[in-house]
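Letter by letter, the chains look like this.
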Amino acid sequence: TLSFLREVEFARISAAPPSRKPWSPSKQTRARILSRDGHVCHYCGSAENMTIDHKEPRSAGGSHDDGNLVACCGSCNSAKGTKSYGEFLSSRVVK
């Protein structure tokens, strides 16, 4: 039975999906998107701690095309998480 358990464990590990490597835009892509968006967050207008965000998350099939990428501050990017563009905008509280 020990060899059977090892086979089952091996099959479970082998069937696990590969972990997704975090995506990082190239320097050229980052510069192009930040320039296009005026170096301000697409969601809140901040110019602090700028990142690049996928409007449609990768986890939902979003691409790395420029049309799916926006300049985004770190706070909004963290708050958005895996929400879609529309979900995030509708979940924000307007002050």
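Please read these numbers as outputs of a predicted model, since none were measured by experiment. (Residues numbered from 1 in each chain as written. Predicted model: local features only at pLDDT ≥ 70, side-chain atom pairs only at ≥ 80, totals over all residues. Heavy atoms only, no water.)

1. Description of the pattern of salt bridges
Then comes step 1: Summed over all chains, the structure comprises three salt bridges.
Then comes step 2: Among the salt bridges present, the one from R32 reaches D66, with a minimum N-O distance of 2.6 Å. With R32 in helix α2 (residues 27-36) and D66 in the loop between β1 (50-54) and β2 (69-73), the pair connects residues that are 34 residues apart, well separated along the chain.
Then comes step 3: A salt bridge links R36 to D37; the shortest N-O distance between them is 2.9 Å. (Salt bridge = Lys/Arg side-chain N within 4 Å of Asp/Glu carboxyl O. Helix = DSSP H or I, 4+ residues; strand = E, 2+ residues; numbered from the N terminus.)

2. What to know about unusual backbone geometry
Then comes step 1: Unlike most non-glycine residues, H39 shows phi in positive territory, near 60 degrees.
Then comes step 2: Tracing the backbone through its elements, the reader meets H39 in the loop between α2 and β1.
Then comes step 3: Phi is positive for N49, close to 50 degrees, though the residue is something other than glycine.
Then comes step 4: Examined against the element boundaries, N49 turns out to sit in the loop between α2 and β1.

3. Looking at α2
Then comes step 1: Within α2, the full set of buried residues consists of T29, I33 and L34. The buried residues of α2 occupy one face: seen down the axis, they fall within an arc of 120 degrees. Seen from the open side of α2, the exposed residues pointing more than 90 degrees away from its buried face are K27 and Q28.
Then comes step 2: Turning to α2, the residues buried within the fold contact β1 and β2. (Buried < 20%, exposed > 50% of the residue type's maximum accessible area, 1.4 Å probe, protein only. Arc of directions from axis to C-beta. Contact = heavy atoms within 4.5 Å.)

4. Focus on the pairing of β1
Then comes step 1: Of all the five residues making up β1, four are buried; the element is thus mostly covered by neighbouring parts of the structure.
Then comes step 2: With five bridges joining them, β1 and β2 adopt antiparallel strand pairing. Each bridged residue has a counterpart across the sheet, and for I52 the counterpart in β2 is A71. (Pairing = 2+ DSSP bridges.)

5. Observations regarding the packing of aromatic side chains
Then comes step 1: Considering all chains together, one arrives at two aromatic pairs under this definition.
Then comes step 2: Pairing Y43 with Y85 gives two aromatic rings, centres 6.1 Å apart and planes at 45 degrees, and the pair type is tilted. One end of the pair, Y43, is in the loop between α2 and β1; the other, Y85, is in helix α4 (residues 85-91), with 42 residues separating them in the sequence.
Then comes step 3: Given a relative accessible area of 7%, Y43 falls into the buried group. (Phe/Tyr/Trp six-rings, centres within 6.5 Å; stacked < 30°, edge-to-face > 60°.)

6. Digging into the nonpolar core
Then comes step 1: Counting 13 residues, the largest nonpolar core has C41, Y43, M50 and C76 as the members making the most contacts within it.
Then comes step 2: The set of elements that each furnish at least two residues to this core consists of α2, β1 and β2.
Then comes step 3: Looking at which element gives the most residues to this core, the answer is β2, with five residues. (Core = buried A, V, L, I, M, F, W, Y, C linked by side-chain atoms within 4.5 Å.)

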